[in-house]
Amino acid sequence: MHCPITGPELRKKPCYGGLDLSSRIDLTAFSLVWPVEDRFLCAEWYWMPSKAVRERTRKDGRPYEVWVRQGWIEAIEGPVVDERIVRRRIEQLGEIFDIREIAYDKFRAQVLQMDLTDAGFQMIEFGQTTGWYDEPTKRLLELILQRRIVNEPNPVTRFCADCVSVRKDVDERIKPVKPDRDKSGKRIDGIVTRIMALAVRLRSR
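As the structure is a computational prediction, the values presented were derived from the model and not from experiment. (Residues numbered from 1 in each chain as written. Predicted model: local features only at pLDDT ≥ 70, side-chain atom pairs only at ≥ 80, totals over all residues. Heavy atoms only, no water.)

K.L.:
I'd love a proper account of a nonpolar patch on the surface, names of residues and values included.
P.N.:
Together, Leu141, Ile144 and Val166 line one region of the surface with nonpolar side chains, adding up to about 250 Å² of accessible area. Looking at the secondary structure, you find Ile144 in helix H5 (residues 130-145). On the basis of relative accessibility, which here comes to 47%, the residue Ile144 falls in the partly exposed class. (Patch = residues over 30% accessible without salt bridge, like charges linked within 9 Å, V, L, I, M, F, W, Y side chains within 5 Å. Areas by Shrake-Rupley, 256 points an atom, 1.4 Å probe, with all protein chains shown as cover. Salt bridge = Lys/Arg side-chain N within 4 Å of Asp/Glu carboxyl O. Helix = DSSP H or I, 4+ residues; strand = E, 2+ residues; numbered from the N terminus. Buried < 20%, exposed > 50% of the residue type's maximum accessible area, 1.4 Å probe, protein only.)

Structural data, given as structure tokens:
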């Protein structure tokens, strides 16, 4: 899978992860964020069930099949994403990079969280409420405006970024909005995991 931003100069630098498992036929996403001087370098990895790739391409009107061929999405055989494959990929990344902590969605990744904990990763439970998302979402928006985010040229992440909007609660706290994906064909998974990764970075300061 592609990840041109993650060169050898990053191998000894601390980084932070965010993990969002798909419910069934959607994208599963994993982000890593490296704080380097006054910038944040970001990279994403994606998985999708192979049986869903053609259907999502047709329904969403997005080139998932092309992205699979180009290596931006890893198509996994079967009707759902096999968590064992995701775990192995994260373990491989952990052998290359200094992953300090990984945020995960407690409602979907309980088994994978335990497996990754057993593999030596520091896993941080991340709630899916505005209280959890507010600070890191605002921080990401601020960093983007300051041009302090460095992205790999990943078309899937660009697509996710184009789909994102935010919702405020009564206390003016914000979180990224997940559109009605079956109707809109939009995905925001890669930005959600990036915000989660940034959140554990902010927590570790």
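K.L.:
Can you explain the pattern of salt bridges? Please cite residues and give values.
P.N.:
As enumerated under the stated definition, the model contains 17 salt bridges in all. Between Asp60 and Arg56 there is a salt bridge whose closest N-O contact spans 3.4 Å. Linking Asp60 with Arg56, this pair stays in helix H1 (residues 50-60), spanning 4 residues, or about one helical turn. One exposure class covers both Asp60 and Arg56, and it is buried.

K.L.:
Would you mind going over helix H3 (residues 83-96) in detail, with residue names and values included?
P.N.:
Taking 1.5 Å of rise per residue, the 14 residues of H3 would be expected to cover 20 Å, and the 20 Å separating its terminal C-alpha atoms lies within 8% of that figure. Turning to H3, its buried residues are Val86, Arg87, Ile90 and Leu93. Viewed end-on, H3 has its buried residues packed into an arc of 125°, placing them on one side of the element. Elements that come into contact with the buried residues of H3 comprise strand S1 (14-20), strand S2 (28-36), strand S3 (39-49), strand S5 (98-105) and helix H4 (110-118). (Expected span 1.5 Å × (residues − 1). Arc of directions from axis to C-beta. Contact = heavy atoms within 4.5 Å.)

K.L.:
An account of the packing of aromatic side chains is needed here, citing residue identities and associated values.
P.N.:
One pass over the structure, following the stated rule, counts 7 aromatic pairs. Ring geometry for Phe30 versus Trp45: centroids 6.1 Å apart, planes at 40°, classification tilted. Of this pair, Phe30 sits in strand S2 while Trp45 sits in strand S3, placing them 15 residues apart in sequence. Neither Phe30 nor Trp45 differs from the other in exposure class; each is buried. Both rings, one in Trp67 and one in Phe159, keep their centres 5.9 Å apart while their planes meet at 40°; by these two values the pair is tilted. Taken together, the residues span a long stretch of sequence, with Trp67 in helix H2 (residues 64-70) and Phe159 in helix H6 (residues 155-163) at a distance of 92 residues. (Phe/Tyr/Trp six-rings, centres within 6.5 Å; stacked < 30°, edge-to-face > 60°.)

K.L.:
Describe in detail unusual backbone geometry, supporting the description with residues and values.
P.N.:
Located in the positive-phi region is Glu37, a residue other than glycine, with phi close to 55°. Its place among the elements puts Glu37 in the loop between S2 and S3. Judged by its relative accessible area of 78%, Glu37 is exposed. At Glu172, a residue that is not glycine, the phi angle is positive and equals roughly 70°. Along the chain, Glu172 turns up in the loop between strand S8 (166-168) and strand S9 (174-176).

K.L.:
Report on the nonpolar core, specifying residues and quantitative values.
P.N.:
Core analysis: the biggest nonpolar cluster contains 35 residues, and Tyr46, Met48, Tyr64, Trp67, Ile73 and Val156 have the highest contact counts within it. For this core, the elements supplying multiple residues, two or more each, are S2, S3, H1, H2, strand S6 (123-126), H5, H6 and helix H8 (189-204). Looking at this core element by element, the count peaks at 9 residues for H8. Setting aside residues up to four positions removed in sequence, Trp67 forms contacts with Arg62, Trp72, Ile73, Pro155, Val156 and Phe159. (Core = buried A, V, L, I, M, F, W, Y, C linked by side-chain atoms within 4.5 Å.)

By themselves, these are just geometric observations and shouldn't be taken as functional.
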